[in-house]
Amino acid sequence: MSAPYPPPYPPPYPHLLAPLDLGFTTLANRVLMGSMHTGLEDGRKHFAAMAAFYAERARGGVGLIVTGGFAPNIEGWAKPFAGTLATHAAARRHRQVTDAVHAEGGKIALQILHTGRYGYQPLCVAPSRLKSPISPFTPRELTARGIERQIRAFVRCAALAREAGYDGVEVMGSEGYFINQFLVTHTNQRTDAWGGPYECRMRLAVEVVRRVREAVGPDFIVVYRLSMLDLIPDGSSWAEAVQLAKAVVNAGATILNTGIGWHEARVPTIATSVPRGAFAWVTKKMRDELRAAGIGVPLVTSNRINTPDVGERILADGCADLVSLARPLLADAEFVAKARAGRADDINTCIACNQACLDHTFRNQLATCLVNPRAAQETVLVVRPAAQRRRYAVVGAGPAGLAAATTLAERGHEVHLFEGAGEIGGQFNMARRIPGKEEFAETLRYFDRRLQATGVQLRLNTRATPEALVAGGYDAVLLATGVSPRDPQIPGEDLPHVLSYVDVLRHDAPVGERVAIVGAGGIGFDVAEFLVTPAGHSPTLDLKAWMAEWGVADPAQVRGGVVRPQPAPPARRVTLLQRKSGKLGRGLGKTTGWIHRAALQMKQVEMIGGVNYERITPEGLVVSYGDKRQDGQLIACDTVVLCAGQEPLRELQAPLAAASVAVHLVGGAHEAAELDAKRAIAQGTALAAAL
Ligand code: NAP
Ligand code: SF4
């Protein structure tokens, strides 16, 4: 992105964009790209893609990149054959990454990640033989010699990172990984010099930092990621966290990064429903402690910082010296450059959905981004200027149509986008009304700007007819007409107290006090969340309420910072149903499904699977179970909401094809089953890049 001329005055984001002098080197600004596992780390064949991925972020102006985690040895693997930096040959492979980043003027540190008992592999090790709830493998308890071997592996990895051209390393000491496991009695029950009193439990962390510093010399960045809020019972006390912070700084850490929550914690820490900047107060608390002790080490704060405004406010309030953004830089590699140019409205904002990043990683797929399908696909999904300018019509301005139209226009084509409604966004306009999904509005703001910037000719309130499209003489028509709600054909569904989710979320139809929801897919869960939350009281927009809801407390008051959740009472009594037997919400996101289920359980939503829908009566919904269809059971309610999935809307296809117009289907119009915004945007972008 070229710098604007004249530059914006006054310069925007004075705290966020201020350089940071580390003594031996200077970071261009206060934005650190937080470590994010993309899967590119885990195979030699991905190094070129990884170089392109980080180079694009360096070009976008980020102050310091931290790579996804690399294990220092096989015991530290996150999974079998996970990316490891333990040999000179491996260090040589990393050269293409560091060279590519430096060529763009960037700086990059390698994260050393030893997963300890979180390793999803049989060779995992830990301070004590205690299985974690999130891995099927029981770790081997290390001997004192074994611990020494792990420390040497950290040191070797750091030295190799320097050899590979990195500007620094981040020692991963939080999130419940190996080093963190030594710190608390929850996972460390040793009685030797590495367990027992806190001085012994923290010895590993301090030894690793001290010996890494010795090995890499004074002019190399060593970031230590410190768990400041464990969010588990028996987690570190605040006094222990402060003691450790002082010790690792004394041992040679250049920067302290904030870790929030172990992976096994039952509190969401990064999902969409977590308020923006929800944990900046924790870093501030630590920063104040260290400053009071005369320790001026720069601190990084993280979690749910996804706009320059949020980052600027956090820094201006003295919460931290840098902000860490991981997923937001997947969503938009030019985050910093756009902020600097005074174009924050053009940023493609991370909506914290996890659908294409973490959910992919946990399914062993390469991570990318729902709102930016080019992320980590830079060498595969290339948007090139078109060889010849053509005319396209895109019908439907939902996520698929918006992605297709703007990508086509970016390539230089003339694009006419037709939308029957008075606003762009399609299903996203319903999603953004769900408490905890307010972020979805950001994607529509982004696409709105993008439509203007790329010159798409948008026609709102315009139902495209086959005749008009044929008469338009387009080179091709892209049908992104979306979906319509499936009719579940339940006797009695035409009664006045039966609504579809569209009536509820789009048309604000009145809903009674007792509600039965037919269908427990993503939309059934969303509608339940909408109905149990009092209007205007989304905890996502109220940090205090959110903390009470999930039981997050001041770690100075209670170890680990967790107390019993105190959710606000539900606004309605809701029953959520599906025909499949088994747990409801099984098809929700791998890393977020548990949050949706827990949130509804806290609101006393009754979840029932394995039902047959017999009929709807004025008194409620009659269901039966299994083959005993005659024994209907009444679920008394005054409103029934149908969330029974979708059917594709593609009635324009046949008449256009009959008139020999080239037609392409994208998004829900192409395939409604398991449609989600990830597929819609990816498909729209890929088709437009290929046409
Ligand atoms: P969905 O996820 O496919 O769920 C449809 C639900 O309707 C299922 O519970 C299904 O369960 C039920 N159903 C299907 N046919 C039925 C019939 N004939 N009669 C009664 N019930 C029927 O679809 P959706 O909820 O409409 O969501 C659409 C897409 O948006 C999904 O792909 C979803 O991933 C995405 N989305 C995701 C989220 C999220 O992850 N939080 C939120 C919103 C939307 P049974 O067949 O067992 O009854
Ligand atoms: Fe953010 Fe969702 Fe993209 Fe992940 S997939 S980076 S959470 S927008």
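Residues numbered from 1 in each chain as written. Chains lettered and ligands numbered in written order. Predicted model: local features only at pLDDT ≥ 70, side-chain atom pairs only at ≥ 80, totals over all residues. Heavy atoms only, no water.

### Focus on the site of ligand 2
Consideration 1: Contacts to ligand 2 come from Arg327, Leu330, Cys350, Ile351, Ala352, Cys353, Asn354, Ala356, Cys357, Cys369, Leu370 and Val371.
Consideration 2: Looking at the shell around ligand 2 residue by residue, the class counts come to ten nonpolar, one polar and one charged. (Near = heavy atom within 4 Å. Nonpolar A, V, L, I, M, F, W, Y, C, P; charged D, E, K, R; others polar.)

### Quick notes on the sheet that holds strand β5 (residues 108-112)
Consideration 1: In space, the eight strands of this closed barrel follow the order β3-β4-β5-β8-β9-β10-β11-β12, with parallel pairing throughout. Across the sheet, the mean angle from the axis of one strand to that of its neighbour is 30°, orientation sign disregarded.
Consideration 2: Of the strand pairs in this sheet, strand β8 (residues 168-173) and strand β9 (residues 221-229) are connected by six bridges, and their pairing is parallel. Residue pairing across strands places Met172 opposite Arg225, the latter belonging to β9.
Consideration 3: Sitting on the sheet, helix α3 (residues 144-163) touches β5 and β8, and the angle it makes with β5 is about 160°.
Consideration 4: Docked against the sheet, helix α8 (residues 280-292) engages β9, β10 (255-260) and β11 (299-301), running at close to 170° with respect to β11. (Pairing = 2+ DSSP bridges. Helix = DSSP H or I, 4+ residues; strand = E, 2+ residues; numbered from the N terminus. Axes fitted to C-alpha atoms, helices over the stretch in contact; angles between N-to-C directions. Contact = heavy atoms within 4.5 Å.)

### Concerning the packing of aromatic side chains
Consideration 1: Throughout the structure, instances matching the rule amount to eight aromatic pairs.
Consideration 2: The interplanar angle of 45° and the centroid separation of 5.3 Å between the aromatic rings of Trp77 and Phe81 together place this pair among those described as tilted.
Consideration 3: Exposure remark for Phe81: the relative accessible area of 65% places this residue in the exposed category.
Consideration 4: Seen from their ring centres, Phe178 and Phe182 are 5.2 Å apart, and the 75° between their planes marks the pair as edge-to-face. Taken together, the residues span about one helical turn, with Phe178 and Phe182 both in helix α4 (residues 178-183) at a distance of four residues.
Consideration 5: For Phe178, a relative accessible area of 0% corresponds to the buried category.
Consideration 6: You can call Phe182 buried: its relative accessible area is 0%.
Consideration 7: Seen from the ring of Trp594, Arg266 lies directly overhead, with NZ or CZ sitting 4.3 Å from the centre.
Consideration 8: The lysine or arginine in question, Lys285, covers the ring of Trp238, its NZ or CZ lying 5.5 Å from the ring centre. (Phe/Tyr/Trp six-rings, centres within 6.5 Å; stacked < 30°, edge-to-face > 60°. Buried < 20%, exposed > 50% of the residue type's maximum accessible area, 1.4 Å probe, protein only. Lys NZ or Arg CZ within 6 Å of the ring centre and 35° of its normal.)

### Overview of the sheet that holds strand β14 (residues 414-418)
Consideration 1: Spatial strand order, β15-β14-β13-β16-β27: five strands in an open sheet with parallel pairing. Each of the sheet's edge strands pairs with one partner strand only, and the pair in question is β15 (457-459) and β27 (663-665). Mean inter-strand twist for the sheet, computed between neighbouring axes without regard to direction, equals 20°.
Consideration 2: Note that β14 and β15 share three bridges and pair parallel. Its bridge partner being in β15, His416 is matched across the sheet by Gln457.

### Regarding the state of the cysteines
Consideration 1: Counted by the stated rule, this structure contains zero disulfides.
Consideration 2: As a non-bridged cysteine, Cys157 has Cys124 as the owner of its nearest cysteine sulfur, 19 Å distant.
Consideration 3: Classification of Cys157 as buried rests on a relative accessible area of 0%. (Disulfide = S-S within 2.5 Å.)

Any functional reading would require information beyond the geometric quantities listed.
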